[in-house]
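# Commentary on secondary and tertiary structure
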Amino acid sequence: MAGPTGRGDSLGAALNDLLRSQVTPRHRLSTYTAKHWHAQLSQLTGTHRGHQALDDAGLDVTVKTLVNWLSDAEYNVRRSYRDLIHTAYENVAIVPAEPIPDHITRGQYEISGVVRTGNDERTRGTRDAAPLRIDATRGNWDEIEELWLAGELTDDELEDHFVDDVIVEDIGEGTDGWEFPGASYSVEVR
């Protein structure tokens, strides 16, 4: 039975596709685009979550003051208050990434595509060569998870860390390191 699969034009792209199919990445809500403090405050005060974010950011003003601010976009609001409104807005606008689940960090990977170590280069996952099989339980996922949670896990970063921290930890350096120079990859987790 096939497990979750990712595809891409590089190993990193396939791994990121797999990861994004399993958990929600850090992202910005498309409805949070306001730039001006007044528009941000108006949007925040329209929801319970927004009110909570204002409280969490430390905005402590009376209802009367809040009403005055909302009734006049040109109201002279101190910079420190505008900064708190902006902080609350960003905290609501950014949805944190879900942690990488155990079935990803503890899975058995099958990588199909061009794999090179030293002078040995073959297209894995074909009739002539089995997929490259990796036991991810031996890997160190700390840096991958840190970049994922920060929303900074690019395809290149993921490929580099997966090779160094997962593949090498499982099967070693190979003849002369591991390279994935192909243009199409498939990664399945079992």
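Refer to the preceding data block for the structure.
Residues numbered from 1 in each chain as written. Predicted model: local features only at pLDDT ≥ 70, side-chain atom pairs only at ≥ 80, totals over all residues. Heavy atoms only, no water.

Glancing now at the environment of T137. Tracing the sequence through the fold places T137 in the loop between strand 6 (132-135) and helix 7 (142-150). In this structure the C-alpha to C-alpha distance between T137 and T105, which are 32 residues apart in sequence, comes to 6.2 Å. Once you skip the residues sitting within four places of it in the chain, T137 turns out to touch T105, R106 and G107. (Helix = DSSP H or I, 4+ residues; strand = E, 2+ residues; numbered from the N terminus. Contact = heavy atoms within 4.5 Å.)

This brings us to the nonpolar core. Core analysis: the biggest nonpolar cluster contains 32 residues, and Y109, I111, F162 and F180 have the highest contact counts within it. Elements that contribute at least two residues to this core include exactly helix 1 (11-22), strand 4 (108-117), strand 6, helix 7, helix 8 (155-171) and strand 7 (185-189). Counting residues in hydrophobic clusters, the runner-up holds 18 residues, among them Y32, L44, W69 and I85. (Core = buried A, V, L, I, M, F, W, Y, C linked by side-chain atoms within 4.5 Å. Buried < 20%, exposed > 50% of the residue type's maximum accessible area, 1.4 Å probe, protein only.)

It is worth spelling out the side chain of E110 at this point. Secondary-structure assignment places E110 in strand 4. The exposure class of E110 is buried, given its relative accessible area of 14%. There is a polar contact of 3.4 Å between the side chain of E110 and the side chain of R190. In contact with E110, not counting residues within four places along its chain, are P131, L132, R133, S186, V187, E188 and R190. (Polar contact = N/O pair within 3.5 Å; in protein donor to acceptor, adjacent residues only side chain to side chain.)

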